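Chains, contacts and geometry: an overview
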Amino acid sequence: MIELKKKGQSINLSKKGSDIGEVLVNLNWNQSSKAAKGGGFLSSLFGGGTKNFDLDLGCLFELNSGEKGCVQALGNAFGSLNNRPYIQLDHDDRTGASAGGENLRINGSRLADINRVLVYAFIYEGAANWSEADGVVRLTYSHGEEIVVKLDEHRNGQIMCAIAMIENVQNETFSVKRLVEYFPGHKQMDRAYNWGMNWVAGSK
């Protein structure tokens, strides 16, 4: 296991021959807040401790063709592994109760088609309290060690967290860079990383 602990720290993925293979990005988090269990302030917000966080995994993508978009449960934009954008979200875990969490699958065989991918998480329901959510992202693939990014630099009150940037390196491999930067929403995160998309309110 390799943990990216410092902001801006990066690592290139290993490969066997010319193919990276499938890259799996997993998000997992606490099923419910410790404070909610204890009957504190968050308990009242979460309905007496009965309501869990709904933390969603997603990404912005930019293909080498110039096409841009997002993959996320909000707006039912689940993507496709074998067709553009070659990135797919497997399902929407509303509570964190799924042992597998949420997963983004990236088709490493289509490396030459993918320019960059910004992996993020956002709190769809529940208080924007990242220190209680205790999120962690794990990136796994066939030819190298698991890469871990913990959401341990908390900025409560912001619903979006830009977790990692995955970038094409000369059509040879992907680099993975730790970000862990927090934003009020999609639009502000988009602006910070120069994606240039138009955002409207969505639902799921």
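In case you missed it, the structure is sitting above this.
The following refers to the structure shown.

The rules we used
- Residues numbered from 1 in each chain as written.
- Predicted model: local features only at pLDDT ≥ 70, side-chain atom pairs only at ≥ 80, totals over all residues.
- Heavy atoms only, no water.
- Buried < 20%, exposed > 50% of the residue type's maximum accessible area, 1.4 Å probe, protein only.
- Helix = DSSP H or I, 4+ residues; strand = E, 2+ residues; numbered from the N terminus.
- Pairing = 2+ DSSP bridges.
- Core = buried A, V, L, I, M, F, W, Y, C linked by side-chain atoms within 4.5 Å.
- Contact = heavy atoms within 4.5 Å.

We now examine the pairing of strand S12 (residues 160-169). For a regular strand, side-chain orientation follows a simple rule: the groups alternate between the two sheet faces. By the criterion of burial, S12 is predominantly enclosed, with 8 of the 10 residues buried. Two elements, strand S9 (residues 114-125) and S12, share 7 bridges in a ladder whose sense is antiparallel. The residue bridging Tyr120 from the neighbouring strand is Ala162, located in S12. In this structure, S12 lies alongside strand S13 (residues 173-183), joined through 9 bridges in antiparallel fashion.

The subject of this paragraph is the nonpolar core. Membership of the largest hydrophobic core comes to 41 residues, with the highest contact counts inside it found for Leu13, Val25, Leu104, Ile106, Leu139 and Ile166. Other than its neighbours up to four places away in sequence, Leu104 contacts Val23, Leu24, Val25, Leu57, Gly58, Cys59, Val71, Ile87, Gln88, Leu89 and Val119. Counting 15 residues, the second largest nonpolar core, distinct from the first, contains Leu60, Cys70, Leu74 and Tyr120.

With that out of the way, let us pick up the environment of Ile114. Inspection of the secondary structure assignment puts Ile114 in strand S9. Separated by 49 residues in sequence, Ile114 and Ser65 have C-alpha atoms that sit 8.4 Å apart. Among residues more than four places away in sequence, those in contact with Ile114 are Glu62, Leu63, Asn64, Pro85, Tyr86, Ile106, Asn107, Asn168 and Phe174.

Taken by themselves, the reported measurements are silent on function.
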